[in-house]
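The residues making up each chain are set out below.
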Amino acid sequence: MLAFLHLRRRSDLLRHPFSAVAGRRFSQSTSIPKKLQRVRDHGFDNVMEIEKKVRRALSLQSMLLSQPSASLPFARLDALARRYLNFVPDEVGNFLIKHPHVFHVFDHPMQRLLWVRLTPRAEARLRQESNALLSMLPDAVRRLRKLLLLATPSLRIRLEHIRIARYDLGLPDDFEQSVVLAHPSFFRLVVSSDCPDDPRAKYVEFVDAPNDATDDDAADLRVCAIERKREREYRERGTDAEDSRFAFLINLPPGFKTGKYYRIAESKWQQLPYWSPYEDVSGYDLQSLEAKPRMEKRMVATIHELLSLTVEKRLTMERIAQFRQAIGLPNKMKEFLLQHQGIFYISTRGNQGKLHTVFLREAYRKGELLKPNELYLERRKLGEMLLQSTKNANLDRMMTTIGRGRDGLRSKAAAGDLRSEAEDSGCDSGVESQFID
């Protein structure tokens, strides 16, 4: 039997002598593979390791700030965190002890129980972040307008989806009143007639500006971030940038193996023209063979623009997916992003691998944002406080008992002076002053 198969194979080769050679020569594809393995980049994963602690701290911080006194008994905080935040037993106590620069555990002077509250440094950081958020409110309005323009041709997005991503977009918690309703010349709040009582039936719609000056600005809103980078590159390099009119900045992760045919496919993809994410393509024939690769590249540009609109140039994959229907994104999001690991990076650190965070690679270098804004810098301070050593907090804890003294209590004026000096100096002293008075 084996001899018969060998003779048949030999006769096929004699009849078609170039078939085997041609098969070996042209078997390699010159298109980017659809399924690629994710290659880790430890620079981005280290950012997410810090972000895990920040998310834990923010969840406990929101529970404390929900109380009128901005403090809770430790037993009550532990019970709430285990019930609503999925903390395991003893995790809250260990977390508070490891981060004394953010949380202060103290004996209540009246009830003689362990209570928890934020340190003056953490409260001062909150005020600075709030001030930065208000100062960047015009930028947040512009980001929201650009986000609505991505939703072609309807130019509207569900209010609930924007609410979920408000932290990443730099919008305040009351953005419905302070941003949407406060700017009727830019936004319109639309309620669906089918389910008017359903909160998911509310949409934010883009409004064209009435005057000419804002019309020019509206045209400028439709310029993508990648197009501005290409323009700067063209001004710097001149005619050499002519070949990169439709190219993206590729920065492959360390250890990503590329072969000859992959580089050929990537070069062809970089030169492929595509429609702008802000362009209405509803009137085009999108089922043709020529339109399909252009639409796929347009999806890459859409995700690139969406990440560029965020404060930290990153967004969880789940929050990206909720805009899928509005701005036209692919169904298999993770598989699609893994095809372009030189543009995006997916980190699985956080929430035991269930959370996927997508980074814009060109916006970072060694885990640091290249062009940080004011709000990003204020948010970053919380991560820096969580990484500080607990040894430096011993002196701060001693200074909190200064007001008790040998003769008892101090005056309210002295307590107020100590609190103001503590906040100005950045130390954690004077934490118990409001309970001592």
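Residues numbered from 1 in each chain as written. Predicted model: local features only at pLDDT ≥ 70, side-chain atom pairs only at ≥ 80, totals over all residues. Heavy atoms only, no water.

Caption draft 1: Up close: the packing of aromatic side chains. Enumeration over the complete set of coordinates arrives at 11 aromatic pairs. With 6.4 Å between their ring centres and 80 degrees between their planes, Phe186 and Phe187 make a pair best called edge-to-face. On the basis of relative accessibility, which here comes to 17%, the residue Phe186 falls in the buried class. A ring pair is formed by Trp275 and Tyr284, whose centres lie 5.2 Å apart and whose planes are at 35 degrees; its orientation type is tilted. (Phe/Tyr/Trp six-rings, centres within 6.5 Å; stacked < 30°, edge-to-face > 60°. Buried < 20%, exposed > 50% of the residue type's maximum accessible area, 1.4 Å probe, protein only.)

Caption draft 2: Expanded view of helix H4 (residues 74-84). If you check which residues of H4 are buried, you get Leu77, Asp78, Leu80 and Ala81. Angularly, the buried residues of H4 cover 165 degrees about the axis, an arc narrow enough to put them on a single face. Exposed positions of H4 whose direction lies more than 90 degrees from the buried face are Ala75 and Arg83. Following H4 by one or two positions, Asn86 adopts a phi angle in the positive range, close to 60 degrees. (Helix = DSSP H or I, 4+ residues; strand = E, 2+ residues; numbered from the N terminus. Arc of directions from axis to C-beta.)

Caption draft 3: Local environment of the sheet that holds strand E6 (residues 202-206). Taking strand neighbours across the sheet as the criterion, the 3 strands line up as E4-E6-E5 in an open arrangement whose pairing is antiparallel. The open sheet has two free edges, formed respectively by strand E4 (156-158) and strand E5 (187-191), since each of these has just one partner strand. Strand-to-strand twist in this sheet, taken as the mean axis angle between neighbours without regard to direction, amounts to 25 degrees. Bridge analysis of E4 against E6 gives 3 bridges, and the strand direction is antiparallel. Counted as the bridge partner of Arg156 is Glu205 from E6. Those strands touched by helix H7 (residues 137-150) are E4, E5 and E6, and its axis lies near 95 degrees from that of E6. (Pairing = 2+ DSSP bridges. Axes fitted to C-alpha atoms, helices over the stretch in contact; angles between N-to-C directions. Contact = heavy atoms within 4.5 Å.)

Caption draft 4: Molecular detail of the pairing of strand E3 (residues 114-118). For E3, the buried fraction is high: 4 of the 5 residues fall into the buried class. Across 3 bridges, strand E1 (residues 71-73) lies against E3 in antiparallel orientation. Counterpart to Leu72 in the pairing with E3 is Val116. As judged from the 5 bridges shared by strand E2 (residues 103-107) and E3, these two strands associate in the antiparallel manner. Bridge pairing links His104 to Arg117 in E3. Linking E2 to E3, which pair antiparallel, is a turn of 6 residues; within it Arg112 sits at a positive phi near 60 degrees.

Caption draft 5: Spotlight on the sheet that holds strand E7 (residues 314-316). Read from one edge of the open sheet, 3 strands run E7-E9-E8, paired in antiparallel fashion. Bordering the open sheet on either side are E7 and strand E8 (344-347), each of which pairs with just one other strand. If you compare each strand with its neighbour and ignore which way they point, the axes differ by 25 degrees on average.

Caption draft 6: How the structure looks around the pattern of salt bridges. Applying the stated criterion across every chain, the model contains 27 salt bridges. Between Lys202 and Glu176 there is a salt bridge whose closest N-O contact spans 3.6 Å. Taken together, the residues span a long stretch of sequence, with Lys202 in strand E6 and Glu176 in helix H10 (residues 175-181) at a distance of 26 residues. Overall, Glu176 belongs to the buried group, its relative accessible area being 11%. With its nearest N and O atoms 2.2 Å apart, the salt bridge here joins Lys229 to Glu362. (Salt bridge = Lys/Arg side-chain N within 4 Å of Asp/Glu carboxyl O.)

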